[in-house]
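What follows is each chain in one-letter form.
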Amino acid sequence: MHRFTVTLTREIEADTAEEAALLLYQELSKGPLPDRYSVTDETGVNMEVKLDREKADEFASIDHTADPGNW
């Protein structure tokens, strides 16, 4: 299994960093989830990933922890 750092970038106006984080949390909990991410692998290679919404929703609906390959 490999390690990846997934980054979501949003520009948010706020008075403090904590308020900005809370506003992002609020946005993510109420609105549609983002489909564009920056992903960096364990070797430092960075790539932009755009998810297919239909495939992403299907993937999210499956319990991948039940797959013995994940143990």
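Basis of the calculations
Residues numbered from 1 in each chain as written. Predicted model: local features only at pLDDT ≥ 70, side-chain atom pairs only at ≥ 80, totals over all residues. Heavy atoms only, no water. Salt bridge = Lys/Arg side-chain N within 4 Å of Asp/Glu carboxyl O. Helix = DSSP H or I, 4+ residues; strand = E, 2+ residues; numbered from the N terminus. 1 Å grid on protein atoms, 1.4 Å probe; cavity = no way out; pocket = protein on both sides within 12 Å on 5 of 7 lines; lining within 4 Å. Points joined across faces, edges and corners; volume = space filled by probe spheres on them. Nonpolar A, V, L, I, M, F, W, Y, C, P; charged D, E, K, R; others polar. Buried < 20%, exposed > 50% of the residue type's maximum accessible area, 1.4 Å probe, protein only. Polar contact = N/O pair within 3.5 Å; in protein donor to acceptor, adjacent residues only side chain to side chain. Contact = heavy atoms within 4.5 Å.

Participant: Residues and numbers for the pattern of salt bridges, please.
Facilitator: On inspection of all chains with the given rule, the structure shows two salt bridges. In this structure, the salt-bridge partner of Glu27 is Arg10, at a minimum N-O distance of 2.6 Å. Taken together, the positions of Glu27 in helix α1 (residues 17-30) and Arg10 in the loop between β1 (4-7) and α1 put the pair 17 residues apart, joining distant regions of the chain.

Participant: How would you sum up the layout of surface pockets? Please name residues and give values.
Facilitator: Unoccupied space between atoms shows up once a probe the size of one water molecule is rolled over them. Here the largest pocket is characterised by a volume of approximately 390 Å³. Counting residues per element, the ones that place at least two in the lining of the largest pocket are β1 and α2 (53-60). In terms of residue count, the dominant contributor to the lining of the largest pocket is α2 (six residues). The residue inventory of the lining of the largest pocket, partitioned by class, reads nine nonpolar, no polar and three charged.

Participant: Lay out the side chain of Ser38 with the relevant residues and their values.
Facilitator: Structurally, Ser38 is set in strand β2 (residues 36-41). We classify Ser38 as buried; its relative accessible area is 14%. Looking at Ser38, its side chain comes within polar contact range of the side chain of Asn46, at 3.0 Å. With near-sequence residues (within four places) excluded, Ser38 lies in contact with Thr5, Val6, Thr7, Asn46, Met47 and Glu48.

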